[in-house]
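Working through the structure, step by step
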Amino acid sequence: MMPKTLEELRQWLVSELPKWLREHPELRYTLEGVLAETFVRRDEWQNLMKALERLAEGQQELQQTLQEVLRQQAEHSQALRALQEQQAEHSRILQEHSRILQEHTRILQEHTAILREHTQALRALQEQQAEHTRILQEHTQALRALQEQQAEHSRILQEQTRVLQEHTQALRALQEQQAEHSRVLQEHARALQEQAEAIIGMQRRLIEHSEAIRSLQEEQAKHSELLRRLDSKIGALGRRWGLLSEAAFREGMYELLTPYGFRVERFWARDEEGFVFGRPEQIEIDLLVRNETTIAAEIRSSVSKADVWVFLRKVEFLERLLNRKIDRRAIISPFVDDDALEFAQQTGVEVFTAPEELRNV
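Residues numbered from 1 in each chain as written. Predicted model: local features only at pLDDT ≥ 70, side-chain atom pairs only at ≥ 80, totals over all residues. Heavy atoms only, no water.

1. As for the overall build of the protein chain
Threshold: Strands are runs of DSSP state E lasting at least 2 residues, helices are runs of H or I lasting at least 4, and numbering of each runs from the N terminus. For the exposure calls, accessible area comes from a 1.4 Å probe over protein chains only, and a residue counts as buried if that area is under 20% of its type's maximum, exposed if over 50%, partly exposed in between. The protein chains shown are the only cover counted for residues, whose accessible areas, like all others here, come from Shrake-Rupley with a 1.4 Å probe.
Within the protein chain one finds 8 helices and 7 strands. Among the 361 residues that make up the protein chain, the fraction classed as buried is 15%. Element-wise, carbon and sulfur atoms account for 55% of the exposed surface of the protein chain, whose accessible area totals about 28800 Å².

2. Remarks on the pairing of strand β2 (residues 281-290)
As a reminder, the rule being used: By this definition, two strands are paired if DSSP reports at least two bridges between them.
Most of β2 is tucked away, with 8 of its 10 residues classed as buried. Note that strand β1 (residues 263-271) and β2 share 8 bridges and pair antiparallel. Of the residues in β2, the one forming a bridge with Ala 269 is Ile 283. Examined bridge by bridge, β2 and strand β3 (residues 294-299) share 4 bridges and lie antiparallel to one another. Looking at the pairing, Leu 288 lines up with Ala 296 of β3.

3. Some thoughts on the packing of aromatic side chains
To be explicit about the condition: Each Phe, Tyr or Trp ring (for Trp, its six-membered ring) is paired with any other whose centre lies within 6.5 Å, and the angle between the two planes then decides the class: stacked below 30 degrees, edge-to-face above 60, tilted in between. A ring is considered to have a charge above it if a Lys NZ or an Arg CZ atom is located within 6 Å of its centre and within 35 degrees of its normal.
By the definition in use, this model includes 0 aromatic pairs. The aromatic ring of Phe 343 is capped on one face by Lys 305, whose charged end is 5.5 Å from the ring centroid. A cation over an aromatic ring shows up here: Arg 320 above the ring of Phe 275, its NZ or CZ 4.5 Å from the ring centre.

4. Points about helix α7 (residues 338-347)
Put simply, the test is: Arc definition: directions from the helix axis to the C-beta atoms. In what follows, residue pairs with any heavy atoms lying within 4.5 Å of each other are defined as contacts.
If you check which residues of α7 are buried, you get Ala 340, Phe 343 and Ala 344. Projected onto a plane normal to the axis of α7, the buried residues spread over an arc of 100 degrees and lie on a single side. In α7, those exposed residues whose orientation departs by more than 90 degrees from the buried face are Asp 338, Gln 345 and Gln 346. Buried positions along α7 lie against β4 (302-303), α6 (305-322), β6 (335-336) and β7 (350-352).

5. Description of the nonpolar core
Basically, it comes down to this: We call a set of buried residues a nonpolar core when its members are Ala, Val, Leu, Ile, Met, Phe, Trp, Tyr or Cys and they connect through side-chain atoms within 4.5 Å of each other.
Membership of the largest hydrophobic core comes to 22 residues, with the highest contact counts inside it found for Phe 267, Ala 296, Val 308, Phe 317 and Leu 318. Sorting the residues of this core by element identifies β1, β2, α6 and α7 as the ones contributing at least two each. By residue number, the principal contributor to this core is α6, which donates 6 residues. Setting aside residues up to four positions removed in sequence, Phe 267 forms contacts with Ile 283, Glu 284, Ile 285, Leu 288, Phe 317, Leu 318 and Leu 321. With 5 residues, the next largest nonpolar core counts Val 264, Leu 287, Ala 297 and Ala 330 among its residues.

6. Regarding the confidence of the model for the protein chain
Stated formally: For every residue, the predictor assigns a confidence score, pLDDT, that lies between 0 and 100.
Looking at the protein chain, pLDDT values average 78 and 76% of them are 70 or higher. Of all secondary-structure elements in the protein chain, the lowest mean pLDDT belongs to helix α8 (residues 356-359), at 53, while α7 reaches the highest, 95. In this model residues 233-238 is a low-confidence stretch, pLDDT under 50, and it forms 0 contacts with partners more than four residues away in sequence or in other chains.

7. Considerations on the side chain of Asp 271
Stated formally: Any pair of nitrogen or oxygen atoms within 3.5 Å is treated as a polar contact; in protein, a donor-acceptor pairing is required on top of that, and neighbouring residues in sequence qualify only through side-chain atoms on both sides.
Its place among the elements puts Asp 271 in strand β1. At 3.4 Å, the side chain of Asp 271 forms a polar contact with the backbone nitrogen of Glu 273. For Asp 271, the side chain forms a polar contact with the main-chain nitrogen of Val 276, separated by 2.9 Å. In contact with Asp 271, other than residues within four places in its own chain, are Val 276, Phe 277, Arg 279, Pro 280, Glu 281, Ile 283 and Phe 317.

8. Here's the deal with the sheet that holds β1
Strand pairing in a sheet takes place through backbone hydrogen bonds and is either antiparallel or parallel in direction. The condition that has to hold: Note on geometry: axes are C-alpha line fits, over the in-contact stretch for helices, and angles between N-to-C directions span 0 to 180 degrees.
Here we have 5 strands laid out as an open sheet, ordered β1-β2-β3-β5-β7, and mixed in their pairing. Each having just a single partner strand, β1 and β7 make up the two edges of the open sheet. Neighbour-to-neighbour, the strand axes of this sheet turn through a mean angle of 30 degrees, independent of strand direction. Across the sheet, α6 touches β1, β2, β3 and β5 (328-332), and the angle it forms with β2 is around 80 degrees.

9. Digging into the packing of α6 against α7
Going by this rule: Geometric relationships in this document are graded by angle, where less than 35 degrees denotes roughly parallel, more than 145 denotes roughly antiparallel, 65 to 115 denotes roughly perpendicular, and other angles denote oblique. Residue polarity is assigned by list, with Asp, Glu, Lys and Arg as charged and Ala, Val, Leu, Ile, Met, Phe, Trp, Tyr, Cys and Pro as nonpolar; anything else, Gly included, falls into the polar class.
Interhelical geometry of α6 versus α7 gives an angle of 30 degrees and a closest axis separation of 7 Å. Between α6 and α7, the angle falls in the class roughly parallel. Contacts from Lys 305, Val 308, Trp 309 and Leu 312 in α6 reach Asp 339, Ala 340, Phe 343, Ala 344 and Thr 347 in α7. Looking at the contact of α6 with α7 residue by residue, the classes come out as 6 nonpolar, 1 polar and 2 charged.

This is the structure:
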């Protein structure tokens, strides 16, 4: 039944049009084409609205940016005016400084000229002072030589000084008496002549003393040579005693420990790499005792800190050669320096020595 009014037509379209569009695709496509030509699609309308929103936001940001630029431009203008004022002040100050510097330069040039003259004068004075110093050193050496030679006649010179002081007093008193003064001067001349003769005699005795001292020096040289030879013989005797003591101690340890399964020997090896002394050398450890544990010992007549260090290097060389750890390291000596004893304790080396009261005898 066809609708007769607009309201009926509207209701009929609402109820029948969707069904027609589902049942007749060609009708649906035709209606979509007409609507597309007449109205904007929803997605295009949404894109257009989003573009307008972005344009509005960009316009707002552009306005804010413009305001910020205007504000910064105002601040820059104010800062530029302040900088111009400072530049003007700086220019004035620089001009004043230039004037002051010119004045200082003139003063410095004057001072430089004066200092140059003073330097030349000081250099001349230094040369004169050096010459005077050399002359004074020569005089000092000569006076020192005279002082060494005049130890014997110092008493006579003191007596002469006393006499000269008496003469000086007499000269002051006799200035008014010219005739008496002449007689006193003659006496002084005679006394000075006697003093000169006495000095000549003392010089002669000093020459005799010098010859006697030279003879004593020759005797002293002979004694020094005899003492050197004696010291060499004593050193050789001490070294021989040390070797004998070492051999006797090692032989005793061998006899005592061998029956209990210990191996007692003297270690010899060639250090081709120079590990111990920095050059190829024959390395010796006086006593090496081995069983379940290994003991390395050094026997010396005296021990210094350097001896302890060398012994440690020898033990390290032995460990590398045997490829095993040395369990105990020991030094046996009647005389051990305090520094050596402290260093041995720090490095784990056992030290066997005489009691302190015997070592201090």
